[in-house]
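Coordinates in review
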Amino acid sequence: MTSGPQHRRETVAIAAGRPARVSGAPFNEPITLASALHADGPTGYARDGLRSWAALEAAVGALDGGHAVSFSSGLAACAAVLAQVQIGGTVVAARTIYMGVRQMLEEAENTGRLVTRWVDLTDTDAVADAMPGADLLWIEAPQNPLMALADVPALAASASTAGVPVAVDATLASPMLLRPLEHGATWSIHSATKYLGGHADLLLGVVVTADPATAEPLDHHRHLHGATPGALETYLALRGIRTLPLRIQRAQENALELAARLAAHPEIERVRYCGLPADPGHQRMRAFMDGPGGVLAIEPTGGAERAEALCHATELFTHATSFGGVESTLERRKRWSEESDEVPPALVRVNVGCEHVEDLWDDLAHALQRSRTAPSGRRSATRGARASGR
Ligand SMILES: *Cc1c(COP(=O)(O)O)cnc(C)c1O
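All of these numbers come straight from a predicted model, not from anything done at the bench. (Residues numbered from 1 in each chain as written. Predicted model: local features only at pLDDT ≥ 70, side-chain atom pairs only at ≥ 80, totals over all residues. Heavy atoms only, no water.)

**Here we look at helix α2 (residues 51-64)**
Quick reminder of the rule: A run of H or I in DSSP counts as a helix once it spans at least four residues, and a run of E counts as a strand once it spans at least two, with each numbered from the N terminus. Multiplying 1.5 Å by the helix residue count minus one yields the expected span of that helix. Type-normalised accessible area, obtained with a 1.4 Å probe on protein chains alone, sets the label of each residue: buried when under 20%, exposed when over 50%, and partly exposed for intermediate values.
Between its terminal C-alpha atoms α2 stretches 20 Å, which fits the 20 Å expected from 14 residues at 1.5 Å a residue. In terms of burial, α2 is largely enclosed, as 10 of its 14 residues are buried. Considered for burial, the residues of α2 that qualify are S52, W53, A55, L56, E57, A59, V60, G61, L63 and D64. Positioned one or two residues after α2, G65 has a phi angle of 80°, which is positive.

Below you can see the structure in the form of structure tokens.
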């Protein structure tokens, strides 16, 4: 069963990436646990590709409008795209993006592999000024964890004028809300660890390209560098995609409600969420996204200590990193020592899941109350943070 272009995305998520309809055969691509396969077939060794990857890639490609290549993690997917820039090339990027990618760019600069022109991606004119002579524009939309939103179509248009290819990490949106290839991006990137998988039980990444010729060197990179996905992970991610539209819809409804209530709460200084009409990214979100998604950032009164206490005071929200799962989570981003200096110390990223919104609100409201007086339980907010945060 395949999914045609006539189908709506909610249907594509369920119908794409299925094996042929053969009587008595399963209608989900089975998990193939194999390294070596019988000779003389299309694949002789698992690093060349497995059918479980192909099923996932068919579904993500159909959702995102291109040809998908899956990787062992989101970061492996990002690294494969950065590897497309020749040695000594110039990347235009922001410092407040996913911190793993920022660290990769910084290391590439330190080792002389790449040069980065750091810009504020929300400043469309400044990005255009930085473009001449560049080899890659790296966009993240929405931007993690400040929840800022660059004008993706305008940036892609000015990159196209300058002849600069564009990569868009759309992990925070998922293909349900933003499809970068529709706006002229060369590479659309998703950490499938987040919304595509959706259950906090796997690591996986995907790059989608409009042109199959652009997907080919990514496939080659994956093969040569061993950045291959696991069969169980691709199976689980595809299973997650079946409910992606439902999960995103519920998470977003919950996030819209919680954002409005938090914005009206006297002990919340700021809510960053492009679903709020007063948010700087709101008009952009309405112009080129299908919704604001389920992640927001808040800054409670009382600074970093209060924010940390808040994260330890919830009972339903889990104090943990990452986002995109059905389980609501929250964390103070600056607990990671390598998080960008542009991120306020009290900023708490809130991943709104699919629980009942009133239970989520009760939990947050009580945690805000408790954290007002209670000690955080941690003497040093940053102590204990590993050197490799998410
Ligand atoms: C999580 C994340 C990544 C990295 O993905 P992993 O699957 O954790 O390797 C890259 N970009 C963004 C925006 C992310 O949120």
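We are not done yet, so read on.
**Focus on the sheet that holds strand β7 (residues 205-209)**
Which entries qualify depends on this criterion: Note on pairing: two strands pair once DSSP finds at least 2 bridges between them. Lines fitted to C-alpha atoms define the axes here, with helix axes fitted over just the stretch in contact, and angles between the N-to-C directions of these axes take values from 0 to 180 degrees.
Across the sheet, 7 strands lie side by side as β1-β7-β6-β5-β4-β2-β3; this open sheet has mixed pairing. Only two strands of the sheet have a single neighbouring strand rather than two, namely β1 (67-71) and β3 (114-118). Each adjacent strand pair in this sheet contributes to an overall mean axis angle of 20°, direction not counted. Relative to β7, β1 runs antiparallel, the two being bridged by 5 bridges. Opposite V69, over in β7, you have V207 as the bridge partner.

**A short note on helix α3 (residues 74-82)**
Selection rule: Throughout this description, a polar contact denotes any pair of N or O atoms lying within 3.5 Å of each other; where both atoms belong to protein, one of them has to be capable of donating a hydrogen while the other can accept it, and for residues adjacent in sequence the pair is counted only when both atoms sit in side chains.
Of all 9 residues in α3, 7 are buried, a share of seventy percent or more. Along α3, the residues that are buried comprise G74, A76, A77, C78, A80, V81 and L82. Sitting at the head of α3, S73 places a side-chain oxygen 3.4 Å from the backbone nitrogen of L75.

**Topic: the pattern of salt bridges**
Between side chains of opposite charge, a pair can form when the charged atoms approach closely. Quick note on the threshold: We define a salt bridge as a contact between a side-chain nitrogen of Lys or Arg and a carboxyl oxygen of Asp or Glu at a distance within 4 Å.
In the structure shown here, the tally under the stated rule is 19 salt bridges. In this structure, E106 engages R95 in a salt bridge whose closest nitrogen and oxygen atoms are separated by 3.3 Å. Of this pair, E106 sits in helix α4 (residues 99-110) while R95 sits in the loop between β2 (89-93) and α4, placing them 11 residues apart in sequence. What you see here is one network of salt bridges that share partners, running through E331, R333, R335, E339 and R349.

**Topic: the site of the ligand**
Filter applied, for reference: Throughout, the term near means that a residue has one or more heavy atoms lying within 4 Å of the molecule or strand in question. Accessible areas in this description were obtained via Shrake-Rupley with a 1.4 Å probe; residue shielding takes into account the shown protein chains only. Only protein atoms enter the calculation, which uses a 1 Å grid: trapped sets of points that fit a 1.4 Å probe without letting it out are cavities, open sets showing protein on both sides within 12 Å along at least five of seven lines are pockets, and any residue with an atom within 4 Å of a point is a lining residue. Think of it this way: a molecule belongs to a cavity or pocket when more than half its atoms come within 2 Å of the grid points there. Each residue is assigned to one class: nonpolar for Ala, Val, Leu, Ile, Met, Phe, Trp, Tyr, Cys and Pro, charged for Asp, Glu, Lys and Arg, and polar for all the others, Gly among them.
Looking at the ligand, there are 13 residues lining it, with L75, D169, S191, T193 and K194 nearest. Between an oxygen atom of the ligand and a side-chain N or O atom of K194, the distance comes to 2.6 Å. Within the complex, the protein chains bury 95% of what would otherwise be the 380 Å² of accessible surface of the ligand. If you map the ligand onto the pockets, it falls in the largest pocket. Residue classes in the shell around the ligand are distributed as 4 nonpolar, 6 polar and 3 charged.

**Some details on the packing of aromatic side chains**
Two measures describe an aromatic ring pair: the distance that separates the ring centres and the angle between the ring planes. Condition: Working definition: a ring pair exists when centres of Phe, Tyr or Trp rings (six-membered ring for Trp) sit within 6.5 Å. Plane angles under 30 degrees give stacked, over 60 give edge-to-face, the rest tilted.
The full count for this structure, using the stated rule, is 1 aromatic pair. Relative to F323, the ring of Y195 lies with its centre 6.2 Å away and its plane at 55°, an arrangement referred to as tilted. On the criterion of sequence distance, the pair formed by Y195 in the loop between β6 (187-191) and β7 and F323 in the loop between β10 (318-319) and β11 (329-332) is long-range, its members being 128 residues apart. By the burial criterion, Y195 is buried, and F323 matches it.

**Brief notes about the domain arrangement of the chain**
Where the parts come together, the accessible area they lose is often given as the size of the interface. Inclusion rule: Domain extents, as shown, originate in an automatic or database domain assignment. Pairs of residues are marked as contacts when any of their non-hydrogen atoms sit within 4.5 Å. The term buried area means the drop in 1.4 Å probe accessible area that two parts suffer when joined, counted for both and summed.
Here the chain is partitioned into domain 1 (9-241) and domain 2 (244-370). Computed from C-alpha atoms alone, the centre-to-centre distance between domain 1 and domain 2 is 25 Å. On the side of domain 2, 36 residues touch domain 1, which itself brings 40 residues to the contact. Of the roughly 3,200 Å² buried at the junction of domain 1 and domain 2 (both faces included), carbon and sulfur atoms supply 64%. When residues of domain 1 are sorted by the area they lose upon contact with domain 2, L149, L177 and Y195 head the list and together hold 24% of the total. Across the contact surface, domain 1 and domain 2 share 1 salt bridge. Of the charged contacts in the structure, one is a salt bridge between R179 and D290, with a shortest N-O distance of 2.8 Å. The interface formed by domain 1 and domain 2 includes 13 residue pairs in polar contact (both at pLDDT 80 or more).

**A short note on the confidence of the model for the chain**
Note the following rule: For every residue, the pLDDT score states the predictor's confidence, bounded by 0 at the bottom and 100 at the top.
Looking at the chain, pLDDT values average 94 and 94% of them are 70 or higher. In this model residues 376-389 is a low-confidence stretch, pLDDT under 50, and it forms 21 contacts with partners more than four residues away in sequence or in other chains.

**A short note on the nonpolar core**
Note the following rule: Take the buried residues of types Ala, Val, Leu, Ile, Met, Phe, Trp, Tyr and Cys, join any two whose side-chain atoms come within 4.5 Å, and each joined set is a nonpolar core.
In terms of nonpolar packing, the biggest core is built from 85 residues, with F71, L121, L137, W138 and I139 touching the most fellow members. Top element by residues in this core is α3. It accounts for 6 residues. Counting contributing residues per domain, this core is built from domain 1 (9-241) and domain 2 (244-370), each supplying no fewer than three. With residues up to four places along the chain from it excluded, the contact list for L121 reads A94, I97, V127, L137, W138, I139, E140, Q143, A150 and L155. Formed by 26 residues, the second largest nonpolar core is a distinct cluster that contains A255, I298, F317 and A346.

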